[in-house]
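Given next are the chains, with one letter for each unit.
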Amino acid sequence: MQILVCGGAGFMGSHFIKYILEKYPDYMLVNFDKLTYAGNLENLKEVENNKRYKFVKGDICDASEVDRVVRENKIDTIVNYAAETHVDRSVMDPSAFLKTNIFGSYNLLEATKKFDLKKMVQVSTDEVFGSIDSGKFREDSPFEPNSPYSAAKAGGDLLCRSYFVTFQTPVVVTHSCNFYGSNQYPEKLIPLFVTNLLEGKKVPVYGDGKQVREWIYTEDHCNAIDVILHKAKAGSVYNIGSGDEIENIEITKLILEYLGYDEKMIEYVKDRPGHDKRYALDANKLKNELGWEAKVNFRDGLKKTVDWYRENEDWWKKIKDGSYLEYYKKQYN
Ligand code: DAU
């Protein structure tokens with residue numbers, strides 16, 4: 001396969017590239033990334049000289065750049081990790097979210113159609129379904145996105161559906177729960193809290209901290225996309241969930257414990273506007289049809305993640321930027 005990994009310099013894209021290069025010795029991967037604040041080529045240091053890997057700086061919102069990278073590298077498959085992903089940023093300024101998550105997805109669908117590619121995998125989120133108090137979202141649950149971020153992702157996903165129905169474009173959409181692991185930009189809950197504590201700072205828990213998220217470790221997610229890439233039928237949709245549901249405050253306490261702090265380091269701050277209470281995915285379709293199941297238990301994965309940030313201060317100290325958090329606090333507190 002000749003795979004174009006869009007957003008390959010980001011957290012999950014870079015894990016996926018390393019995973020595929022190691023597992024499939026005859027695959028060629030092109031990392032197509034705009035290098036926004038969350039893209040970091042240091043995530044790919046160990047593969048940068050690999051002859052089957054290439055980096056091309058570019059933006060999925062630019063159709064001519066997308067066409068060129070597909071044509072010049074004889075790409076036959078696209079995996080789209082490129083997205084604006086951070087909910088709080090989308091509350092402050094939705095425009096980049098609409099461009100990348102909707103228009104960017106459209107350009108990739110157009111390229112998949114025009115160059116007659118074998119498959120496109122659209123990596124998306126459980127947030128398109130909105131919030132659920134009990135039970136779990138299935139692949140056919142209605143879209144009820146609550147943030148500009150999730151509304152933009154829903155728009156991209158619906159375009160995928162329309163391209164399959166109208167043009168038979170071979171696209172597969174995935175809805176994943178929250179990712180965690182090494183190399184995640186320190187703005188998301190886990191890396192933000194771990195790095196704050198490593199800096200001796202408090203951790204800002206939104207509202208009462210009783211919101212529930214379902215968490216999947218990097219390796220498990222790479223494995224799920226691998227299975228979907230090779231086995232899923234065109235036009236299909238899969239939830240990727242681990243079943244590991246946990247309240248934010250419980251995660252916070254676990255991180256405090258691992259790093260030897262007490263609850264005085266918690267600062268309860270005003271809630272995120274439109275904050276979804278709970279996400280939970282029914283991932284039985286992926287298990288029953290393609291035989292995939294998550295393997296990493298949340299507490300084991302969290303410990304590994306905390307250790308990685310503890311041992312890799314150089315990686316996060318260079319890129320951590322508290323300025324938007326200050327701005328966010330001023331605007332909503
Ligand atoms: O569910 C999948 C989604 O998970 C992805 O689609 C998104 O791209 C990804 O950002 C993530 O969204 P969340 O909003 O769930 O992730 P975040 O790490 O921002 O927040 C996790 C929970 O922790 C959420 O309930 C908000 C809360 N939180 C977050 C931050 C950054 C806090 O209490 N304090 C914080 O400072």
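Predicted model only: the values in this text are computed from it and were never measured. (Residues numbered from 1 in each chain as written. Predicted model: local features only at pLDDT ≥ 70, side-chain atom pairs only at ≥ 80, totals over all residues. Heavy atoms only, no water.)

Take the UniProt feature "domain: NAD(P)-binding" (unreviewed entry) in the chain next. Within this structure's numbering, the places UniProt gives as "domain: NAD(P)-binding" (unreviewed entry) are residues 4-305. Regarding residues 4-305, the helix share stands at 39% and the strand share at 18%, and the terminal C-alpha atoms are separated by 28 Å. (UniProt positions renumbered as here; feature names shortened; annotations may be inferred. Helix = DSSP H or I, 4+ residues; strand = E, 2+ residues; numbered from the N terminus.)

This part covers the packing of helix H1 (residues 11-23) against helix H7 (residues 218-231). For the pair H1 and H7, interaxial distance at closest approach is 9 Å and the crossing angle is 65 degrees. The interaxial crossing formed by H1 with H7 has right-handed handedness. On the side of H1, the interface is formed by Phe-11, Met-12, His-15, Phe-16, Tyr-19, Ile-20 and Lys-23, while H7 contributes Thr-218, His-221, Cys-222, Asn-223, Ile-225, Asp-226 and Leu-229. Residue classes in the contact of H1 with H7 are distributed as eight nonpolar, four polar and two charged. (Axes fitted to C-alpha atoms, helices over the stretch in contact; angles between N-to-C directions. Left-handed = near helix turned anticlockwise from the far one by under 90°. Contact = heavy atoms within 4.5 Å. Nonpolar A, V, L, I, M, F, W, Y, C, P; charged D, E, K, R; others polar.)

A word on the site of the ligand. In the vicinity of the ligand there are 24 residues, among which Asp-126, Tyr-149, Asn-178, Arg-272 and His-275 approach most closely. In the model, an oxygen atom of the ligand is placed 2.8 Å from a nitrogen or oxygen of the Thr-85 main chain. Where the shell around the ligand is concerned, the elements lending two or more residues are helix H6 (189-198) and strand S8 (203-206). Taken together, the residues that form the shell around the ligand break down as ten nonpolar, eight polar and six charged. (Near = heavy atom within 4 Å. Polar contact = N/O pair within 3.5 Å; in protein donor to acceptor, adjacent residues only side chain to side chain.)

This paragraph deals with the nonpolar core. Judged by nonpolar contacts, the single largest core of 42 residues is most densely connected at Phe-16, Val-79 and Ile-228. Those elements that place two or more of their residues in this core are strand S1 (2-6), H1, strand S5 (119-125), H7, strand S10 (237-240) and helix H9 (284-290). Among the elements that take part in this core, H1 stands out by supplying seven residues, more than any other. The residues touching Ile-228, leaving out its near neighbours within four places in the chain, are Lys-119, Val-121, Val-172, Thr-174, Tyr-238, Ile-240, Leu-286 and Leu-290. Listed in part, the 28 residues of the second largest apolar core include Val-205, Tyr-217, Tyr-258 and Leu-302. (Core = buried A, V, L, I, M, F, W, Y, C linked by side-chain atoms within 4.5 Å. Buried < 20%, exposed > 50% of the residue type's maximum accessible area, 1.4 Å probe, protein only.)

Okay, the sheet that holds strand S11 (residues 245-247) next. Spatially, S7-S9-S11 is the arrangement adopted by the three strands of the open sheet, whose pairing is mixed. Unpaired on one side and paired on the other, strand S7 (178-180) and S11 mark the two borders of the sheet. On average, each strand axis in the sheet is inclined to that of its neighbour by 50 degrees, with strand direction left out of account. With three bridges connecting them, S7 and strand S9 (residues 212-217) associate as parallel partners. Note on S9: the bridge partner recorded for Tyr-180 is Tyr-217. Across the face of the sheet, helix H8 (residues 248-258) comes into contact with S9 and S11 while running at roughly 80 degrees to S11. (Pairing = 2+ DSSP bridges.)

One open sheet accounts for seven strands, arranged S3-S2-S1-S4-S5-S6-S10; its pairing is parallel. Of all the strands in the sheet, just strand S3 (53-57) and S10 have a single pairing partner and so form its edges. Ignoring strand direction, the axes of neighbouring strands in this sheet form an average angle of 20 degrees. In terms of strand pairing, S1 meets strand S4 (residues 77-80) through four bridges, oriented parallel. By the bridge assignment, Leu-4 is partnered in S4 with Ile-78. Where helix H2 (residues 63-72) meets the sheet, it contacts S1, strand S2 (28-33) and S3, and its direction lies at approximately 165 degrees from that of S2. Sitting on the sheet, helix H4 (residues 95-114) touches S1, S4, S5 and strand S6 (171-176), and the angle it makes with S5 is about 160 degrees.

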